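Chain residues, written in single-letter form:
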Amino acid sequence: SAVISQKPSRDICQRGTSLTIQCQVDSQVTMMFWYRQQPGQSLTLIATANQGSEATYESGFVIDKFPISRPNLTFSTLTVSNMSPEDSSIYLCSVDLGMNTEAFFGQGTRLTVV
Amino acid sequence: AQSVTQPDIHITVSEGASLELRCNYSYGATPYLFWYVQSPGQGLQLLLKYFSGDTLVQGIKGFEAEFKRSQSSFNLRKPSVHWSDAAEYFCAVAPGGNDYKLSFGAGTTVTVRA
């Protein structure tokens, strides 16, 4: 299994500012994923982050808005840039350990933009 | 593109009654299939998963799911629900192989009445 720690757990931010969310895993993983869960909605994949390469973004998400870092095999950050109230969501980090295991999720970061 | 459909947005069930949540997917090959549960204010917890083999899968908390290839379905069942089963349930699909990017269904909210 994998234990994932996300920081912060929640934040209230002013519009126009940026927030960086950290994701720390207790074991080395190849792929890390960032998801967004808008209020009352399901989860949508933002991007896949592999160590040593640029993140791969899903349709509707761009690097300028959601820059991602992946400096090593246990850590990643997601930045929500130039925030607006529409960015108010829960952001979740996820990892998989490959070979018929599940995807493990952090507890999420609840972001409110005012 | 793969898609996941959960036809039931909200289900209300009496405590002790049986529960079935429907999930249909659209994908060329047999993907990896998952059911997650999210209680209010909590993170995602895996109930069960299917990769291959026996099409009836047992999970935690007394849940089971059956993969039916002919119907592209992976329905979740529980013979007797408890009040603590009230939560949001998500069906998710990953392409398989080494690809664990998850596509989530819209979710089904389960309410348990006494």
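Look up a bit, the structure's there.
Residues numbered from 1 in each chain as written. Chains lettered and ligands numbered in written order. Predicted model: local features only at pLDDT ≥ 70, side-chain atom pairs only at ≥ 80, totals over all residues. Heavy atoms only, no water.

(A) Spatial organisation of the packing of aromatic side chains. Counted by the stated rule, this structure contains 15 aromatic pairs over all chains. Ring geometry for Phe61(A) against Phe66(A): centres 5.6 Å apart, planes inclined by 65°, an arrangement best described as edge-to-face. With a relative accessible area of 9%, Phe61(A) lands in the buried category. Aromatic side chains Tyr25(B) and Phe67(B) sit 6.4 Å apart centroid to centroid with 25° between the ring planes, which places their arrangement in the stacked category. In this pair, Tyr25(B) sits in strand β4 (residues 24-26) while Phe67(B) sits in strand β8 (residues 64-68), placing the two residues 42 residues apart along the sequence. Each of the two residues, Tyr25(B) as well as Phe67(B), counts as buried. What links up through ring pairs into an aromatic cluster is the set Tyr35(A), Phe105(A), Tyr32(B), Phe34(B), Tyr36(B), Phe51(B), Phe90(B) and Phe104(B). (Phe/Tyr/Trp six-rings, centres within 6.5 Å; stacked < 30°, edge-to-face > 60°. Buried < 20%, exposed > 50% of the residue type's maximum accessible area, 1.4 Å probe, protein only. Helix = DSSP H or I, 4+ residues; strand = E, 2+ residues; numbered from the N terminus.)

(B) Structural view of the sheet that holds strand β1 (residues 4-7) of chain A. All names here are of chain A. Across the sheet, which stays open at both edges, the four strands sit in the order β1-β3-β8-β7 with antiparallel pairing between neighbours. In this open sheet, the two strands that pair with only one neighbour each are β1 and β7 (68-72). Sheet twist, expressed as the average angle between the axes of neighbouring strands with direction ignored, equals 15°. Both β1 and strand β3 (residues 19-25) contribute to a ladder of four bridges, which runs antiparallel. Bridging across to β3, Ile 4 finds its partner in Val 25. (Pairing = 2+ DSSP bridges. Axes fitted to C-alpha atoms, helices over the stretch in contact; angles between N-to-C directions.)

(C) Main features of the interface of chain B and chain A. Contact residues are listed per partner, giving 19 residues for chain B and 20 residues for chain A. Both sides of the chain B and chain A interface together cover about 1,600 Å² of buried area, and 55% of this is carbon and sulfur. Its largest share of buried area at the contact with chain A, chain B owes to Leu44(B), Tyr100(B) and Lys101(B), together 35% of the area lost on that side. The interface formed by chain B and chain A contains one salt bridge. Of the charged contacts, one joins Lys101(B) and Glu58(A) as a salt bridge, the two residues approaching to 3.5 Å between their closest N and O atoms. Counting across the interface, chain B meets chain A through five residue pairs in polar contact (both at pLDDT 80 or more). With four residues, the single largest contributor to the side of chain B that touches chain A is strand β5 (residues 32-38) of chain B. Of the residues in the side of chain B that touches chain A, the class split is eleven nonpolar, six polar and two charged. (Contact = heavy atoms within 4.5 Å. Buried area = accessible area lost by both parts, 1.4 Å probe. Salt bridge = Lys/Arg side-chain N within 4 Å of Asp/Glu carboxyl O. Polar contact = N/O pair within 3.5 Å; in protein donor to acceptor, adjacent residues only side chain to side chain. Nonpolar A, V, L, I, M, F, W, Y, C, P; charged D, E, K, R; others polar.)

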